[in-house]
Amino acid sequence: MQTFLHGRDLIGDLDFTKEEVETVLDVAFDLKRKRALNEPHPYLRDKVLAMLFFFSSTRTRGSFEAGMAQLGGHGAFIESKSTQISHGDTPKEIGEIFGRYYDGIAIRHVDWGIGNSYLNAVAKASRVPVLNMQCDIYHPFQCLADLMTIVEKKGRDLRRKKMVVSWAYAASYQKPMSVPQSLILQMPRFGLDVVLAHPPEFRLMPEIMEQAQEQARKFGAGFEVTDDMEAAFKDADIVYAKSWGAMVHTPDPEEGAKIIKKYSHWITDEKKMKLAKPDAIYMHPLPADRNIEVTDGVMDGPQSVVYDEAENRMHAQKAVMALTMG
Ligand code: CP
């Protein structure tokens, strides 16, 4: 068990080894139990986390902020537009200065081609851990909560279980591709056979695909890609279907929005869920476009675990914060 994570950043999913992710899971389950028993666990007394947001959030803000308070510290919510960033504060200033005020710097910056570079530039200048609250490439804390939820529902031995990571239609906006990219990187390390399904224009980043294939080979798991949503759902143990944008195909958001419209039949509904195993679980990181991306019947149905998934954000994040900032 690798326990020394003090001072470490978590920006990409592979920043922590599989053994270190196992440690995060163990600590997360322990913290979930402690909260259920109302047992105090102030591992970060007097510590403060800067939470810098360049994009809106419900779950990420709520779970980091509540998590820091439960650990005896404080999460400081900072909207980028309320800072001097637009008047000249560079990532170096943020890393250097926030690193002197705070004990950790968490950042959400999902702008395509910008977010991940921004986080890495802050981390280079920071003396304290930088935590990725979602960038254009990765959403590692969502993925840790997803893994925790899968272990709760399917057990710790996930070998030969089939997980579908599918694109789904959504009309609201071109969503980041960070969730599917984090899933295909992390889940094969835990033995899940991953099937990635998407229409041709919704390819993920080639370098992430290569890394996912490498992880699957290394850990003896399957990794397949298809453009057939129904075929992908067949006999699945875990269905994870969400929308993302066509940014790899075209950087033009208007063209991307036009392409999305062609695929309105890529909705997760009761008929498609019947193709999966009877005890399959349905997952989504939320927010979802209800009755566009997924029907109410599936989202609120017996196979849906979306609220456990959202809750586990807090426990997984508390584990990483306690291990890296303690
Ligand atoms: N899943 C997730 O990251 O939710 P928010 O965008 O509400 O933080």
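Values in this document were obtained by computation on a predicted structure and should not be read as measured data. In this convention, every chain numbers its residues from 1, walking through the sequence in written order. Given that this is a predicted model, residues contribute local features only at a pLDDT of at least 70 and side-chain atom pairs are listed and counted only at 80 or more, while totals for whole chains, interfaces and linings are drawn from all residues. Heavy atoms from the whole structure form the basis of all side-chain values; hydrogens and water molecules are not counted.

Asker: In this structure, what is going on with the sheet that holds strand β2 (residues 74–79)? I would like to understand it.
Answerer: In sheet architecture, strand pairing relies on hydrogen bonds along the backbone and comes in two forms, parallel and antiparallel. DSSP bridges decide pairing: two strands pair if at least two such bridges lie between them. Under the DSSP-based scheme used, a helix requires at least four consecutive residues in state H or I and a strand at least two consecutive residues in state E, with every element numbered from the N terminus. Across the sheet, which stays open at both edges, the four strands sit in the order β2-β1-β3-β4 with parallel pairing between neighbours. Across the chains shown, the open sheet's two edge strands, defined by having one partner strand only, are β2 and β4 (130–135). When strand polarity is set aside, the average angle formed by the axes of neighbouring strands in this sheet is 15°. Taken together, the six bridges between strand β1 (residues 48–53) and β2 define a ladder with parallel strand orientation. When the sheet's bridge partners are listed, M51 is paired in β2 with F77. Running over the sheet, helix α3 (residues 91–101) touches β1, β2 and β3 (104–109) and is turned about 140° from β3. As a rule, the C-alpha atoms of each element are fitted with a line to give its axis, helices using only the stretch in contact, and angles between N-to-C directions run from 0 to 180 degrees. Any pair of residues with heavy atoms lying within 4.5 Å of one another is described as a contacting pair.

Asker: Explain the nonpolar core here, please?
Answerer: General note: in soluble globular proteins, nonpolar side chains tend to be found buried as a group. For this analysis, a nonpolar core means a set of buried residues of the types Ala, Val, Leu, Ile, Met, Phe, Trp, Tyr and Cys, connected via side-chain atoms within 4.5 Å. Exposure is judged per residue with a 1.4 Å probe applied to protein chains only, and the accessible area is read against the type maximum: over 50% gives exposed, under 20% gives buried, and values in between give partly exposed. Among the nonpolar cores identified, the biggest contains 106 residues, and L49, L131, M163, I184, M187 and M321 are the most heavily contacted of them. Among the elements that take part in this core, helix α12 (residues 306–325) stands out by supplying eight residues, more than any other. Boundaries between domains were set according to an automatic or database domain assignment. There are two domains that each give this core at least three residues, and those are domain 1 (13–139 + 313–325) and domain 2 (140–309). Excluding its chain neighbours within four sequence positions, the residues that come into contact with M187 are C143, D146, L147, I150, M163, L192 and V194.

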